[in-house]
Amino acid sequence: MIKLAGALLVLFAGTMIGFYQAARFAARPRQLAQLAYVLQRLETEISYGYTPLPEALQRAAESGVEPVAGVLREAARRLAEQPDSSFRESWEAAVTDRWSDTAMRANERTIVLRLGPVLGISDREDQMKHLRLALLQLKSEEEAAREDQTRYEKMSKSLGLLLAALIVILMM
Amino acid sequence: MMNRIMHLLPQELAGIIAQLPMSSMRELEEIRIRQDRPLEVGFGGRFQFAGADGSLHARPELAYRPDQTVCSKLLERITNHSLYAMEEELKRGYITVAGGHRIGLAGRTILNQGEVKAIREIGGFNIRIAREIHGACAGLLPKLLDWPRKTLLPTLLIGPPQQGKTTVIRDLARCISAGSWEHPAAASWPGRKVGVVDERSEIAASVRGVPSFDLGPRADVMDACPKAEGMMMLLRSMSPEVIVVDEIGRQEDAEAVREAAHAGVCVVATAHAYDLEDARGRPVLRSLIDEGVFAAAARLRKSQAGIEFDVISLRRAGAPAAREPTLSEQKQAIARGQPR
């Protein structure tokens, strides 16, 4: 009886892990698109609105959805609360802090971190160039993420269940 | 006042400035920060170099030298991490921050078709500490009252640079718009609508369109606007009763002053000149003075006791009045026995 319950538990856990992995595969392209959207919003604020960076970050964050917007909001909060740190420090701290909330990987993290040393310290055209470049790179990451999604989303769901089944068989 | 400048400085610099001797702190005028070169402070008309512990030296060898990190932090903070939003300011070479303090910048310029587009690689900062003096015009305002109209005479303030023209004109704007006319008989006069054209952001020191200095409740400020255009814009849109403008001297300024005078608006302007004779030597000013656009000229001199004023009346018989008096004003004038 206990064995059966244990087996069921293992099966359930395995399936859940599989579903969780699948959800991450599905969330990554979506969040990449959202990230591209908030960065685009940031670009608009900078290039047309001449909005100061802390406020521009705040506004871009408001127009986006969690957890992606959380990164920008955190950066804005850090800028406001620690006026002695540079934007680069605030940005890097915010990205490091909030990245685990998202389903995004190291590639896009490097792209976003690269914005740290350049945002806010050059003229408008330069800012636009840097943001456009980041958007372009995010776009290609998004395509790759979509391919991964079609390839691995269903697979990881069944893989979770199958591995759990294997463990159960071995235990029996 | 110092608090508002302190929050702009990176910790390293703020620490040094906070440790300066109290006596020099009170008179602090300038903080000059040059990358990798000695930190210099100006106070009470003198200059000294500041050491890392806030001590003052005449010799630069003992001074603290701000490095690249400190300078880039300072730049980030005075631009609010947004250099791109400061294009106009960088073109002019200075940034006005809250409190009216002005930070001059020096570095490598970028040219666009022969014109300076921006400064990049900024290596020199000059923080000029602004002080507004309430009551700077107390000795002047009573002499400039236009009794029949219950307002101010159109006035030209003249004086060499550094004599406090801007300080006085700022305080004039405040008194007029607040209706504190500095004269017991004029105590009941209302405040007037004041339009200020602040081409160099010196009068109001606006930050994002809002004046940092107190200009009274009824002042509208056109910030960073060319004087002639700004006066015309104010005339068209803000119905000012008094227009305050700094440093007129170009032909188009004169046109706008004339236009304002004929629209019945009292113009208060400053001009660089040693005295009235000197002002007459400048064609633009002479034509304005001779046409009777200004009813009075005031010469400013800084002395130990403060700013001294010499008021000269310019209104000649038969000179065109800036505005036809209204019927009720004429009645009042007749009742007083001084019909115009």
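The model shown is predicted, which means the values in this text are computed figures rather than measured ones.

Let's talk about the overall build of chain A
When helices and strands are counted, chain A shows six helices and zero strands. A compact globule built from 172 residues would reach a C-alpha radius of gyration of about 16 Å, whereas chain A, at 21 Å, exceeds it by more than 25%. With respect to the three principal axes, the spread of C-alpha positions in chain A is 70 × 35 × 25 Å. Here chain A holds 172 residues, and 33% of them are scored as buried.

Digging into the sheet that holds strand S6 (residues 102-112) of chain B
Residues and elements named next belong to chain B. The seven strands are arranged S4-S3-S2-S1-S7-S6-S5 in an open sheet whose pairing can be described as antiparallel. If you trace the sheet from one side to the other, it starts and ends with strand S4 (56-57) and strand S5 (94-96), each paired once. The sheet strands contacting helix H4 (residues 68-78) are strand S1 (28-34), S5, S6 and strand S7 (115-128), and the helix crosses S7 at an angle near 105 degrees.

Looking at helix H2 (residues 53-63) of chain A
Within the sequence span of H2(A), burial applies to Leu53(A), Pro54(A), Ala56(A), Leu57(A), Gln58(A), Ala60(A) and Ala61(A). In this fold, the buried residues of H2(A) make contact with helix H1 (2-47), helix H3 (68-81) and helix H4 (87-98) of chain A.

Looking at the sheet that holds strand S10 (residues 155-159) of chain B
Hydrogen bonding along the main chain pairs the strands of a sheet, whether they run parallel or antiparallel. Residues and elements named next belong to chain B. One open sheet accounts for seven strands, arranged S12-S11-S13-S14-S10-S15-S16; its pairing is mixed. Sheet topology places strand S12 (219-223) and strand S16 (306-313) at the edges, where each strand pairs with a single neighbour. Between one strand axis and the next, the sheet turns through 20 degrees on average, direction left out of account. Against the sheet, helix H7 (residues 227-237) makes contact with strand S11 (194-198), S12 and strand S13 (242-245), and its axis sits at roughly 155 degrees relative to S11, the strand it touches most.

Let's talk about the domain arrangement of chain B
All names here are of chain B. For chain B, the assigned domains read domain 1 (2-128) and domain 2 (141-336). A straight line from the C-alpha centre of domain 1 to that of domain 2 covers 34 Å. On the side of domain 2, six residues touch domain 1, which itself brings six residues to the contact. When the residues that make up the side of domain 1 that touches domain 2 are grouped by side-chain class, the tally is two nonpolar, three polar and one charged.

What about the environment of Ala224(B)?
Residue and element names in this part refer to chain B. Along the chain, Ala224 turns up in the loop between S12 and H7. Classification of Ala224 as partly exposed rests on a count of 17 C-beta atoms within 10 Å. Residues Ala224 and Glu88 lie 136 residues apart in sequence; the distance between their C-alpha atoms is 9.2 Å. In this view, Ala224 contacts Glu88, Glu199 and Ser201; residues no more than four positions away in its chain are not counted.

Some words on the confidence of the model for chain B
Mean pLDDT over chain B stands at 84; residues scoring 70 or higher make up 91%. This complex was scored by the predictor with a pTM of 0.71 and an ipTM of 0.74.

A few points about the interface of chain B and chain A
Each partner contributes residues to the interface: chain B has 14 residues there, and chain A has 16 residues. Looking at the side of chain B that touches chain A, the element that brings in the most residues is H4(B), giving three residues. Within the side of chain B that touches chain A, the residues separate by chemical class into five nonpolar, five polar and four charged.

Some points on unusual backbone geometry
A cis amide bond links Glu66(A) with the next residue in sequence, Pro67(A), at an omega value of -5 degrees. As for its placement among the helices and strands, Pro67(A) is situated in the loop between H2 and H3. The phi dihedral of Lys150(B) falls on the positive side, at around 55 degrees, and the residue is not glycine. Here Lys150(B) lies in the loop between strand S8 (145-146) and strand S9 (151-152). On the basis of neighbour counts, which here come to 15 C-beta atoms within 10 Å, the residue Lys150(B) falls in the partly exposed class.

Overview of the packing of H1(A) against H3(A)
Residue and element names in this part refer to chain A. Running from amino to carboxyl end, H1 crosses H3 at an angle of 40 degrees, the nearest separation of the two axes being 8 Å. Classed by the angle they form, the pair H1 and H3 counts as oblique. Residue-level contacts link Gln31, Gln34, Leu35 and Val38 of H1 to Val68, Ala69 and Leu72 of H3. The residue inventory of the contact of H1 with H3, partitioned by class, reads five nonpolar, two polar and no charged.

Regarding the nonpolar core
With 65 residues, the main nonpolar core has Val38(A), Leu42(A), Leu57(A), Leu72(A), Ala75(A) and Leu74(B) as its most contacted residues. Once residues lying within four places of it in the same chain are set aside, the contact partners of Leu72(A) are Val38(A), Leu57(A), Ala60(A) and Ala61(A). Judged by nonpolar contacts, the second largest core, of 61 residues, contains Val196(B), Ala261(B), Leu285(B) and Phe294(B).

Let's talk about helix H8 (residues 251-262) of chain B
All names here are of chain B. Compared with an ideal rise of 1.5 Å per residue, which puts 12 residues at 16 Å, H8 spans 17 Å between its outermost C-alpha atoms and is within 8% of the ideal. Among the residues of H8, those classed as buried are Asp253, Ala254, Ala256, Val257, Ala260 and Ala261. The arc that holds the buried residues of H8, viewed along the axis, is 165 degrees, so those residues lie on one side. Exposed side of H8, more than 90 degrees from the buried face: Gln251 and His262 are the residues found there. Summarising the contacts, the buried residues of H8 are in contact with H7, S13, strand S14 (266-272) and helix H10 (283-290). One or two steps after H8, the chain reaches Gly264, where phi turns positive at roughly 85 degrees.

Digging into the packing of H7(B) against H8(B)
All names here are of chain B. Where H7 contacts H8, the axes come no closer than 8 Å and their chain directions differ by 20 degrees. The orientation of H7 relative to H8 falls into the category roughly parallel. Crossing of H7 against H8: the hand is left-handed. When H7 is examined against H8, the residues Lys227, Ala228, Met231, Met232 and Leu235 are found in contact with a partner set consisting of Glu252, Asp253, Glu255, Ala256, Glu259 and Ala260.

Considerations on the pairing of strand S3 (residues 46-50) of chain B
Residue and element names in this part refer to chain B. The sheet contact formed by strand S2 (residues 40-43) and S3 spans four bridges and is antiparallel. When the sheet's bridge partners are listed, Glu40 is paired in S3 with Phe49. With two bridges joining them, S3 and S4 adopt antiparallel strand pairing. Each residue of the ladder has a partner; that of Phe49, found in S4, is His57. Here S3 folds back onto S4 in antiparallel fashion, the turn holding five residues, of which Gly54 has a positive phi close to 85 degrees.

Structural notes on the environment of Met1(A)
In this structure, Met1(A) sits in the segment before H1. Counting along the chain gives 140 residues from Met1(A) to Glu141(A), while the straight-line C-alpha distance between them is 49 Å.

Conventions we followed
Residues numbered from 1 in each chain as written. Chains lettered and ligands numbered in written order. Predicted model: local features only at pLDDT ≥ 70, side-chain atom pairs only at ≥ 80, totals over all residues. Helix = DSSP H or I, 4+ residues; strand = E, 2+ residues; numbered from the N terminus. Rg over C-alpha atoms; globule rule 2.2 N^0.38 Å. Buried ≥ 20, exposed ≤ 12 C-beta atoms within 10 Å, placed from the backbone. Pairing = 2+ DSSP bridges. Contact = placed C-beta atoms within 7 Å. Axes fitted to C-alpha atoms, helices over the stretch in contact; angles between N-to-C directions. Domains from an automatic or database assignment. Nonpolar A, V, L, I, M, F, W, Y, C, P; charged D, E, K, R; others polar. pLDDT = per-residue confidence, 0-100. Parallel < 35°, antiparallel > 145°, perpendicular 65-115°, else oblique. Core = buried A, V, L, I, M, F, W, Y, C linked by C-beta atoms within 7 Å. Expected span 1.5 Å × (residues − 1). Arc of directions from axis to C-beta. Left-handed = near helix turned anticlockwise from the far one by under 90°.

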